[in-house]
Amino acid sequence: MPLHVYLLPEPVAADVVVVIDVLRFTSSAAYALAAGARSIATCETVEQARAVAGYRPGTLLAGERQAVKLPGFDLGNSPLEFTPAAVRGRDIAWTTTNGTRAIATALAPRRPAAPPPTERAPHRDLLLASPVNLSAVAALLAPRLGEDAVVAVACSGREGGFALEDAACAGHLVARLRRTLGDALTMNDGARASACIHEAYGEDFARLFRDARHGRWLRDHGFGSDLEACGALDALEVVPRWRDGRFVAG
Ligand code: MLT
């Protein structure tokens, strides 16, 4: 039962890919779908997001640069913005600095020198995880691992570098799966390292976000209340899942 964690954004090969951007994209995406948004199209650039919204009238534009809502967009990237009143029944085109890009990076083809670990790799299931839906994600992954699917957890990081909060969340997921599946899991070094980071913080998200560079940055720029929402462990049962080019509630 191969469970691999990638601590930096890179192309991954697996049957199931789980992308994590605790602060804040994958947390906010879970809140949006839990609030009744119909779908989320993730876009690498502002131009792509505008183009996607142009194809489907009524699509909301969401996202940030430097954590701030983009000019002309309907919503920023704060989990607190994605209320039923704002998003119920709506499609969203969403672009962020790290999270939406990490999805594209994780799905990019790997170099020929690093072939996919299974023959089934081209058909992939793609999920979004954060502390807010951790148990729901673990419940989906356990049976897939039981079928010997290769599961890759891709941390979004920050501007191409390491992000402590994403690694800790990946480790939390590893710990949950270890509890269910025990020694049958085969882990790469990233999975083992992330589990150590999770052990250091446990469920103390306030301390984790104080130590994490992006957590401090958000607090210093007036987004302190978002930290509480992003660290609300298992607040939601929704798992954003990729279907026909968009994320929908799974
Ligand atoms: C991102 O995807 O880059 C983050 O969600 C940034 C943010 O906190 O808005």
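What counts and what doesn't
- Throughout, a residue's number is its position along its own chain's written sequence, starting from 1.
- With the structure being a predicted model, the display of local features is reserved for residues of pLDDT at least 70 and the display and counting of side-chain atom pairs for 80 or more, all residues being used for whole-chain, interface and lining totals.
- Only heavy atoms go into the side-chain values, all of them from the structure, while hydrogens and water stay out.
- We call a residue near a given molecule or strand whenever any one of its heavy atoms falls within 4 Å of it.
- In protein, a polar contact means a hydrogen-donor-capable atom and an acceptor-capable atom, both N or O and within 3.5 Å, with residues adjacent in sequence counting only if both atoms are side-chain atoms; elsewhere, any N or O pair within 3.5 Å suffices.
- To be clear on the numbers: accessible area is Shrake-Rupley with a 1.4 Å probe, and residue cover counts the displayed protein chains and nothing else.
- Just so you know the grouping, Ala, Val, Leu, Ile, Met, Phe, Trp, Tyr, Cys and Pro go in nonpolar, Asp, Glu, Lys and Arg go in charged, and all remaining residues, Gly too, go in polar.
- Planes of paired rings set the category: under 30 degrees apart is stacked, over 60 is edge-to-face and the rest tilted, where pairs are Phe, Tyr or Trp rings (Trp by its six-membered ring) whose centres lie within 6.5 Å.
- Accessible area is worked out with a 1.4 Å probe on protein chains only. A residue is then buried under 20% of its type maximum, exposed over 50%, and partly exposed in between.
- Two conditions define a charge located above a ring, namely a distance within 6 Å from the ring centre to NZ of Lys or CZ of Arg, and an angle within 35 degrees of the ring normal.

A. Structural context of the site of the ligand. Lining the immediate environment of the ligand, one finds 13 residues, of which R24, N77, T96, N98 and G99 sit closest. One of the side-chain N or O atoms of N77 is found 2.7 Å from an oxygen atom in the ligand. T96 has a polar side-chain atom sitting 2.6 Å from an oxygen atom of the ligand. Considered on its own, the ligand offers 270 Å² of accessible surface; in the complex 99% of this is hidden by protein. Grouping the amino acids of the shell around the ligand by side-chain chemistry returns 4 nonpolar, 6 polar and 3 charged.

B. Fine view of the packing of aromatic side chains. Throughout the structure, instances matching the rule amount to 4 aromatic pairs. Aromatic pair W242 and F247: ring centres 4.9 Å apart, planes at 65°, arrangement edge-to-face. Judged by relative accessible area, F247 falls into the buried class, the value being 0%. An aromatic cluster of three or more residues is present, and its members are F25, F82 and W94. The ring centre of F223 lies 4.6 Å from the NZ or CZ of R24, which sits over that ring.

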